[in-house]
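# Descriptive analysis of the structure
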Amino acid sequence: MHRAASLAEEVYEAIFARLMALKIPPGARITVDNLVRELAVSQTPIREALGRLEGEGLVVKTHLVGYSAAPQITRRRFEELYELRLLLEPKMAGRAAASMTDAALAELTAAAGVMSRSGGADERARYSQFARQDALFHDQILEVAGNELVRETLAHQHTHFHIFRLMFHARVTEEALDEHEAILAAFAARNVDAARQAMRAHIERSRDRLLPAFDS
């Protein structure tokens, strides 16, 4: 059972990394048989992985057609997502700072990715790994803030996976890690205003880093 679970996780990670690095481009058909050959596994863990990725908004399953990579988000959708984030996340960061515990701060520090900055791993692998870390970091902040409706609303958008798929850019990880450190410093100081400002700056800079993806 443990080996089966481990295989399913490895298959999921392999397909996730292909999607995030655009080796499977947005909108492209995903053929189960091709993945069986590429990954040298049976259909079962591949279908499990695709089902999980469908739940994360990265894969679309169409009746009688099969699986495909989710289409790239439009500029309008991108701007709407960032407007939503700017309305909700700075306030939630302030609320999280006000109720921060040492245990929660330790968990957030681990999730922020700042401890593993100097990785020798392949840049694209690091990039897809950071996409998940970024999603977890922001979700945990919302958990500490204690508003489950806001947390569910933002989780449902799968924002982090979609925006990281816009472009592969090493700068995205390095600059975002600096911004995560500023948010963590505000949390460590239990400084509500600084947490709000650090989160607002992080989201605005993330938006500005990725906007050029729509100019190509």
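In this report, we go over the structure that sits alongside the text. (Residues numbered from 1 in each chain as written. Predicted model: local features only at pLDDT ≥ 70, side-chain atom pairs only at ≥ 80, totals over all residues. Heavy atoms only, no water.)

### Some words on empty space enclosed by the protein
What counts, and what does not: For cavity detection a 1 Å grid was placed over the protein atoms alone, and a set of points counts as a cavity when a 1.4 Å probe fits there but cannot get out; an open set counts as a pocket when protein lies on both sides within 12 Å along at least five of seven lines, with lining residues being those that have an atom within 4 Å of a point. Grid points are joined across faces, edges and corners, and a volume is the space filled by probe spheres set on the points. Helix numbering and strand numbering both begin at the N terminus, where a helix is a DSSP run of H or I of at least 4 residues and a strand a DSSP run of E of at least 2. Polar here means any residue outside two lists: the nonpolar Ala, Val, Leu, Ile, Met, Phe, Trp, Tyr, Cys and Pro, and the charged Asp, Glu, Lys and Arg; Gly therefore counts as polar.
What the rule picks out here adds up to one cavity of 30 Å³ or more. One number sums up the size of the largest cavity: a volume of about 70 Å³. For the largest cavity, the full set of lining residues is Arg-85, Asp-134, His-138, His-160, Ile-163, Phe-164, Val-172, Ala-176, His-202, Ser-206, Arg-209 and Leu-210. Elements that contribute at least two residues to the lining of the largest cavity include exactly helix H6 (123-145), helix H8 (159-164), helix H9 (170-188) and helix H10 (192-210). The biggest single contributor to the lining of the largest cavity is H10, with four residues. Residue classes in the lining of the largest cavity are distributed as five nonpolar, four polar and three charged.

### Some details on the packing of helix H2 (residues 32-39) against helix H3 (residues 43-55)
The condition is simple: Lines fitted to the C-alpha atoms define the axes, with helices restricted to the stretch that makes contact. Angles between their N-to-C directions range from 0 to 180 degrees. By convention, the crossing between two helices is left-handed when the near helix turns anticlockwise from the far helix through less than a right angle, and right-handed when the turn is clockwise. Only heavy atoms matter for contacts: two residues are in contact if any of them lie within 4.5 Å across the pair.
For the pair H2 and H3, interaxial distance at closest approach is 10 Å and the crossing angle is 115°. In this structure, H2 meets H3 at a crossing whose hand is right-handed. Listed contacts from H3 to Val-32, Asp-33, Leu-35 and Val-36 of H2 are Gln-43, Ile-46, Arg-47 and Leu-50. Of the residues in the contact of H2 with H3, the class split is five nonpolar, one polar and two charged.

### What about the packing of helix H4 (residues 75-98) against H10?
Helices that pack against each other are described as a pair by the angle of their axes relative to one another and the distance between those axes. Put simply, the test is: In what follows, roughly perpendicular refers to angles from 65 to 115 degrees, roughly parallel to angles under 35, roughly antiparallel to angles over 145, and oblique to any angle outside these ranges.
Contact pair H4 / H10: the axes reach a minimum separation of 7 Å and the direction vectors enclose 160°. When the axes of H4 and H10 are compared, the pair comes out roughly antiparallel. Considering only the axes of H4 and H10, their crossing is right-handed. Taken together, the residues of H10 that come into contact with H4 (itself represented by Phe-78, Tyr-82, Arg-85, Leu-86, Glu-89, Pro-90, Lys-91, Ala-93, Gly-94, Ala-97 and Ala-98) are Val-192, Ala-195, Arg-196, Met-199, Arg-200, Ile-203, Glu-204, Ser-206, Arg-207 and Leu-210. When the residues that make up the contact of H4 with H10 are grouped by side-chain class, the tally is twelve nonpolar, two polar and seven charged.

### Overview of the pattern of salt bridges
To be explicit about the condition: Within this document, salt bridges are pairs made up of a side-chain nitrogen of Lys or Arg and a carboxyl oxygen of Asp or Glu, the two lying within 4 Å of each other. Accessibility here uses a 1.4 Å probe with only protein chains present; expressed as a share of the type maximum, an area under 20% marks a residue as buried, one over 50% as exposed, and anything in between as partly exposed.
On inspection of all chains with the given rule, the structure shows 17 salt bridges. Asp-215 is the partner of Arg-75 in a salt bridge, and the nearest nitrogen-oxygen pair spans 3.7 Å. Of this pair, Arg-75 sits in helix H4 while Asp-215 is found in the segment after H10, placing the two residues 140 residues apart along the sequence. On the basis of relative accessible area, Asp-215 is assigned to the exposed category, the value being 60%. Between Arg-200 and Glu-204 there is a salt bridge, with the nearest N and O atoms lying 3.9 Å from each other. Within this pair, Arg-200 and its partner Glu-204 are both found in helix H10, separated by four residues, close to a single helical turn. Taken together, the shared-partner salt bridges in this structure form one network comprising Asp-139, Glu-143, Glu-148 and Arg-151.

Don't take any of this as a statement about function, it's just geometry.
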